[in-house]
Structure formats: structure tokens, C-alpha cells
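Structural characterization, general
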There are 2 protein chains.
Amino acid sequence: MAFSLFQGVKLGILGGGQLGRMLIQSSLDFNLDIAILDPDPQAPCARISSNFTNGSLKDYTDVYEFGKQCDVITVEIENVNTEALRQLELEGKKVFPQPRVIELIQDKRVQKQFYQDNNIPTSPFILTQDRNEVMRHADFLPAVHKLGKEGYDGRGVQMLRQVEDLSKAFDKPGVLEKLIDFETEISVIVARNEDGQVRTFPAVELIYHPEANLVEYLFAPANISEAVAKKADDIARDVITKLDMVGLLAVEMFATKSGDVLVNEVAPRPHNSGHQTIEANQTSQYEQHLRAILNTPLGSTEALQPSAMVNLLGEEGFEGMAKYEGTDEVMAVDGAHVHLYGKSYTKPFRKMGHVTIVDADLERLKEKATYIKNTLKIKA
Amino acid sequence: MAFSLFQGVKLGILGGGQLGRMLIQSSLDFNLDIAILDPDPQAPCARISSNFTNGSLKDYTDVYEFGKQCDVITVEIENVNTEALRQLELEGKKVFPQPRVIELIQDKRVQKQFYQDNNIPTSPFILTQDRNEVMRHADFLPAVHKLGKEGYDGRGVQMLRQVEDLSKAFDKPGVLEKLIDFETEISVIVARNEDGQVRTFPAVELIYHPEANLVEYLFAPANISEAVAKKADDIARDVITKLDMVGLLAVEMFATKSGDVLVNEVAPRPHNSGHQTIEANQTSQYEQHLRAILNTPLGSTEALQPSAMVNLLGEEGFEGMAKYEGTDEVMAVDGAHVHLYGKSYTKPFRKMGHVTIVDADLERLKEKATYIKNTLKIKA
């Protein structure tokens, strides 16, 4: 390596949202010099980085010029210009996750095909070009229809339950996935460094908001059998190894009623399903991401205590400058850790922050999570 | 209160060293808008704060002008201009710890007198004006002689063991303290908010570097009896309450061989003896300091696992741009958490960072701490 850890490595992050913000928080421990690129001058990282560039993540020149000043370049969002990243890689920059991995994951069609080609268990699917093609597959319903590109945080995903739903299908290249009658949705975060060391975090259980298609709650550990946990762990290791990827990968999976585990989709970066690792695990997902891309030994992922995570979403029906209700009540809950993302403007379901709750007692943990969800409100 | 938590409170911190740096790291969770004042343009906080003012902490105008732009003002070092802070307080700013508390603690003579006047157990002492007066107290030896003002990180403290040592005594107002034949040096960190809520962290054990008079190691919990721990906890609560102080107070104490607990000295801010709370306790000392000065409910101080802390001091015999040795070896230790302070220049015994080690097994914890102390070296 051209650089040595702790000696002022310049790390460029594409994206200045909450994931970048928590990555910055963690990076301070390692004397890293952080640069941020984001199109929003009000991004969560804008005021906390001394090197913030306002520019497009999708523009070749913006990404290339930004990357040229850095030693290592990473992402906190997949939707970036990978041509520029490929050029930076050619010029000798460390780019992790690698541009070819980002490209594969950017397109859910390619991602799905990769699982099939590599014997990674996933739900049955059909690749479609447009609405007309979707309409020909009434016999495949109920299904989930996903846009190939540009989906994020619940956008670009639709449920097609019956024939009447077909006429509302996206009219762009997408993937039609068989609806899985799952028991539990789980996530395993796995890291891999340049030396090939791989470590996984224990599986967590995700509970989605029914309308917003966003993670609303999370519990760790997931309420699954040891056998299912082992399967999920093996699959996560298998995916990152077959991708030959360096960095952090969140592998979202379905645990089915028959005991199977199927990959739903992956994200090559810190993920909403790993926020609780800041308090609950020996190493946080943010530090693990840094360790992986800087090629240092990976940290222990051991969970110190059970934990829950509640996403703080902008309240429905409110848009404008955020006003927080119930803050003192939540701060008074022992084991509750509030994380706000520095966003002053709220709108329905906008991710404004999260609260992690750590408690040795599982029942009390769930009570506290429910109380916090019902108490802390973000209005305008 | 004129402000509500999470709504963009502007917090000014006097001092931009490592304690300020870790306070910034913690403050990001609460959307606080942080401003820093420090005389060193290369201070650990300089590059990580979007609002860094280069100025003197001892100058009335620098401190006053800095404070005027803030809602709440706090310190990460005691040696600041309290006249300016008193004026800011008069003008309605929240200044915590209060200027009168900072003044009392700034002068070790006044501090010591306060313990005596308030029935807080402390070692016998004599206030002295100059070297001549010290020399008259040969019968009081062995003693520790401390300068009243300006001592910091081991400076301004000397051992006077025998009559021959007296001629080397500081020739300024100071305090001569009876040398205590202690069993253990311990610290209890206590917080108190404006509502009067008080919470203590469990006592930790401090092991000092014999030459540098700096904390070299720390173990939590301290190896003391429950009775001694209870005494120490009661004393810490008593001191902060009698000071009528708002904020965080580190109370350093001697546990004597006869089971007594005596206050050595206090610091009204996050402290070296609380670094390990970031990983090992439910709430970190940094977050607890913020909770106290922002008058929110205090967090749980419960320790999740035993921990040790090793200060990373600049190696003796080296001065210049820092070079780190043994980094990968230390990163490979499960449960080791490296914190660097963003200082590029090292000199002997300069505090460059620390490592916290968390491990359920006490023996393994001590082995890991020793290994890290012997492996990670900061040279030039």
C-alpha cells in the first residue's frame, strides 16, 4: 500500500447523507482526512466536513475531479458515475467497493441475474423490458416489480398482486420477482478487506413500514433458529466472495416458512440495518467499512447486548422546518441512543434520524422500542 | 429554556483539544451546532469544526466575542478567562460549568480549602505563599507540592520526600499536601443537570506513569471493595452538589490502605479517566456532559463490560512528525478501539490518542492492554 493507517490518508466519500455523516464520526478516530461530494449544499455532511464539494454524483467530471485529490474513494450511495470511478481506479486510486461491483448492484436486473448465475439462493424472477412485457406474466402473480435502475429507499418498487395491478406496472426495464411468503426479513452485514479477510455481523430482523416500504424497526439478534442464522451467514460470505468485493455489503434476505434463506437484494456500503452496531456491537459497521477499504484487520462483530433500532421518519401530513416532540421523554429511557442526521427540513417518511435501544432483557427492549416510536414525533 | 434540544442549539466550547474533539463526535448525534475557540490553528478540533475561531482562551475579548454568538458555552480545559464568562452569564447565556466553579477549581489552593470547609474528606495540607514558606515545613514531609494555578497534565506538581528536596520547591503560591500511602487511585465521574438530577459512572482505577505523572492505564471497574466503591460514589455526588455545579465533574480520589477515600482533585469537564465510557458504558462521558449542560435527562452510566484504557503517549526520545508503529497488530486485537487525536506532531509524553479495550474476561483484558501498550509506538 502506498499509505499507512493513521498517517493522514485522504478518504473521499461519494454522498454526504446520514451514512456519510456516521462514517465521518467514526473516521475521526483514525485521523482520516475526509472529503465529501454531494449535490445538496444542505446535506447532512455539509457542515461537519472541512472539505465538502458541492457537485453531482452522476457527472463524470464532478466525480473524477473530486476523486483525483483523494487516496481512497468510497460511496455511501450506489447511484454514482462509475465511469469516472473506473478511470480513477486505472490511475491507481483505491476505489472500494470496486466500480464493477457498484455497476452490478446499481441494476437490480443484473444483480438478480448474478445470483442465479452463481448459485446464490434467490426468489424466482423474470426480466422485463416494459409494461407490455410485464402484462404477459399474469400467471407469475403475486409478484414484486422493481425498476432495474434508480430505485432507492422504497421508491421504484411495487406490489403486483392481481391481474388488475398489471396496468400500473412501471414501463421501464425491470425485474418481476415471485412474492415470497416469508417468515422473517433479515439482514447480514459482511465485510471483506483487500487481504481477503471476511467477517459477518450477526443477523438482524427487519420490520418494514407497510406504506413507505422503509425499515421501521429492527431487532438484533433476529428471532430465527441457529440453522437459519448459519445459512444466512454462509450466504452473506458467499455473496461478497463471489463478487470479489472489498468493503461492506448489507445482504437483505427472506427467511421462509420452510426454513430456506433467499437473497432479496444487497447494498455495498453501510446500511440502515447496521445502525445499531454503533452501540450494540464490538465494532460498528462504519468502522468496519473503514477497516475493510483501508485494508486493516477487520474488527470483532460480537454483539454485547440485544438491541433494537427505530427509524425516525418525518410524520405523515407535515412538511417544513422540523419540530421534535417527545425528546425529553426519549432521552429519559435508559439505553436509548438518539442519532439525528442534521436535516432541518422534514417531509412525510423522510429519514431524519434513528434511535438505538440496548437492553439485556428482550421484552423490555421491545417495550422501549414501541414507546419511543410512539413518543418521538417529527412535525413541522 | 430559550431553546429546545434537537432544534439547532449553538454550543461554544472553549478549547479545541482531544476532549473537544470527542465532544464534537458525540454532539453530531444531537444536531448541535458547535463552535470552537483555541489558540492553536493546528488544534485537534481545527479541521473537524466548520466554526473554528483562532484566539486566546485567557483573553477577555476573545472569549467574550466568541461566547456572544453561542446559546450555551462550556469548556474542555479549566484555564480560561472567567471574567468574560461571568459577563456572558450576566447577559443571559448558559455557561456550564458555571464561572464561579471554574474559578474555584482553577486554583488548587481554593479547591483544597473548599473540601475542608465542606467536610469533604481530603489529605491534610498547608497553603504556602513561596519557597521560603515551604522550607519551614520539613516536619510535614513526605508531601506533594502543587502550584495553585496553571498546573496541567502533570505539570506544576512535585514530590518533596526529604529535607534536601525543599530547596527545589516551586517559588509561587501553592499547596503542600501530605503524601498519602494509598492502595489505589480511583476516579468517579459524576454529572448534574440544571434540574438537579445527578448520576455517577462506576469508579475506575488509574495507574500513573511514574515519570510523566500522567495516567498511563485505566481499568474499569476499579479493583476495590463494594464499601469503598460506595464511599467514592457518595463523595462524588456530595462534591458536585456542594459545588452546586451543572455539567460533568471528574473526581480523582485515593483509596487508602485503611479503607478511607480522600479527594485528590477534580476537573469540571470530560476527563482522561472517562474515555473508556465511549465503548464500555451505556452513555459516554461526552454525551453525559452534553445532556447535563443542555438540561436533558441524564443517561444510564451502566458498564456493559469490563474495560481498560491505554493512553498513547509520544515515545521518549522522539520529536517531530508522528509515525505510528504496530498499528495493524493493534487493529487485529478483538475489542480494541483506537482513538487518535488528529495531532501530526509528537513529542515525549504528548497525548496523541488512546486505545480502549473491552473484554468480558478480566485477565485477558489486562493481557490485551499490556500487549497494546508494548506494541503501539509513536515515534518521529
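Up top is the structure.
Report on the accompanying structure. (Residues numbered from 1 in each chain as written. Chains lettered and ligands numbered in written order. Predicted model: local features only at pLDDT ≥ 70, side-chain atom pairs only at ≥ 80, totals over all residues. Heavy atoms only, no water.)

The next subject is the packing of aromatic side chains. Residue and element names in this part refer to chain A. Evaluated as defined, the whole model comprises 8 aromatic pairs over all chains. Between Phe114 and Tyr115 the ring centres are 6.2 Å apart and the planes differ by 70°, which places this aromatic pair in the edge-to-face class. Since its relative accessible area comes to 2%, Tyr115 is described here as buried. Consider the rings of Tyr217 and Phe219, whose centres lie 5.9 Å apart with planes at 20°: the pair is stacked. (Phe/Tyr/Trp six-rings, centres within 6.5 Å; stacked < 30°, edge-to-face > 60°. Buried < 20%, exposed > 50% of the residue type's maximum accessible area, 1.4 Å probe, protein only.)

Turning our eyes to something else, we now look at empty space enclosed by the protein. Taken as a whole, this structure holds 4 cavities of 30 Å³ or more when the rule is applied. Roughly 710 Å³ of internal volume is contained in the largest cavity. A per-class count over the lining of the largest cavity returns 10 nonpolar, 18 polar and 6 charged. (1 Å grid on protein atoms, 1.4 Å probe; cavity = no way out; pocket = protein on both sides within 12 Å on 5 of 7 lines; lining within 4 Å. Points joined across faces, edges and corners; volume = space filled by probe spheres on them. Nonpolar A, V, L, I, M, F, W, Y, C, P; charged D, E, K, R; others polar.)

Residues and elements named next belong to chain B. The end-to-end C-alpha distance of helix α11 (residues 362–375), which contains 14 residues, comes to 20 Å, matching closely the 20 Å that a straight helix rising 1.5 Å per residue would cover. Every buried residue belonging to α11 is among Leu365, Lys368, Ala369, Ile372 and Thr375, and all of these are buried. Mapping the buried residues of α11 onto a view down its axis gives an arc of 140°, with all of them on the same face. Summarising the geometry of α11, the exposed residues directed more than 90 degrees from the buried face are Glu363, Glu367 and Asn374. Capping the start of α11 is the job of one residue whose side-chain oxygen sits 3.1 Å from the backbone nitrogen of Glu363: Asp361. (Helix = DSSP H or I, 4+ residues; strand = E, 2+ residues; numbered from the N terminus. Expected span 1.5 Å × (residues − 1). Arc of directions from axis to C-beta. Polar contact = N/O pair within 3.5 Å; in protein donor to acceptor, adjacent residues only side chain to side chain.)

Turning our attention to the packing of helix α1 (residues 18–27) of chain A against helix α9 (residues 285–293) of chain A. All names here are of chain A. The N-to-C vectors of α1 and α9 enclose an angle of 75°; their axes lie 9 Å apart at closest approach. Relative to α9, α1 is oriented roughly perpendicular. On α9, the residues that touch Leu19, Met22, Leu23, Ser26 and Ser27 of α1 are Tyr286, Glu287, His289 and Leu290. Looking at the contact of α1 with α9 residue by residue, the class counts come to 5 nonpolar, 3 polar and 1 charged. (Axes fitted to C-alpha atoms, helices over the stretch in contact; angles between N-to-C directions. Parallel < 35°, antiparallel > 145°, perpendicular 65-115°, else oblique. Contact = heavy atoms within 4.5 Å.)

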